[in-house]
Amino acid sequence: MPLRAVGVTALLTVLCWGAWDWASSTGHTTIGMVAGVLLVPFALALIGCLALTVVGLVRMATEHAAARRARARALASGSDATTPPERRIAA
C-alpha cells in the first residue's frame, strides 16, 4: 500500500496550507497566492492517496476473511488446511 505516498502528500499539503495561512495573515500576497494555487492539487492528491489506501486495506481485509472462512471450513470437514495437499498422508 502507498503509505509513504500518503505521508509525503499529507506533509506537503500541511506545509502548503501553513504557508498560505502565514502569508495571508502577514500580508505577503505573492507567497499566499502561490501557496493557495498549489494547495488545491496537493489536497486532491492527498484525497486520491487516501482513497487508494482505503481500497487496499478493504481488499486485504476481504482476502484475509476469505482465507479464515476457508480454513474454518476445512477444519470443520476434517481435512488439514495448514499443510499443502502434496504433504498430506492418506490414512
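The structure reproduced in this document is the subject of the present report.

Calculation notes
As a convention, each chain's residues are numbered from 1 in the sequence order in which they are written. With pLDDT at 70 or above as the cut-off, local features in this predicted model cover only qualifying residues; side-chain atom pairs require 80 or more to be listed or tallied, and sums for whole chains, interfaces and linings still use all residues. Think of the side-chain values as coming from all heavy atoms in the structure, minus any hydrogens and water. Whenever Lys or Arg places a side-chain nitrogen within 4 Å of a carboxyl oxygen from Asp or Glu, that contact is recorded as a salt bridge. Comment: elements are numbered from the N terminus, with helices defined as DSSP H or I runs of at least four residues and strands as E runs of at least two. A simple rule labels every residue: compare its accessible area, found with a 1.4 Å probe on the protein chains alone, to the largest value its type can have, and call it buried under 20%, exposed over 50%, or partly exposed in between. Contact criterion: two residues are considered in contact whenever any of their non-hydrogen atoms come within 4.5 Å of each other.

## Examining the pattern of salt bridges
Okay, step 1: Per the counting criterion, the structure on display carries one salt bridge.
Okay, step 2: Glutamate 63 serves as the salt-bridge partner of arginine 59, at 3.6 Å between the closest nitrogen and oxygen. One end of the pair is arginine 59 and the other is glutamate 63, both in helix H2 (residues 29–77) and four residues apart, which spans about a single turn.
Okay, step 3: Residue glutamate 63 is classed as partly exposed on the basis of its relative accessible area of 47%.

## Looking at the side chain of threonine 13
Okay, step 1: Counting through the fold element by element, threonine 13 comes out in helix H1 (residues 3–26).
Okay, step 2: A relative accessible area of 10% means that threonine 13 is categorised as buried.
Okay, step 3: In contact with threonine 13, other than residues within four places in its own chain, are Leu39, Phe42, Ala43 and Leu46.

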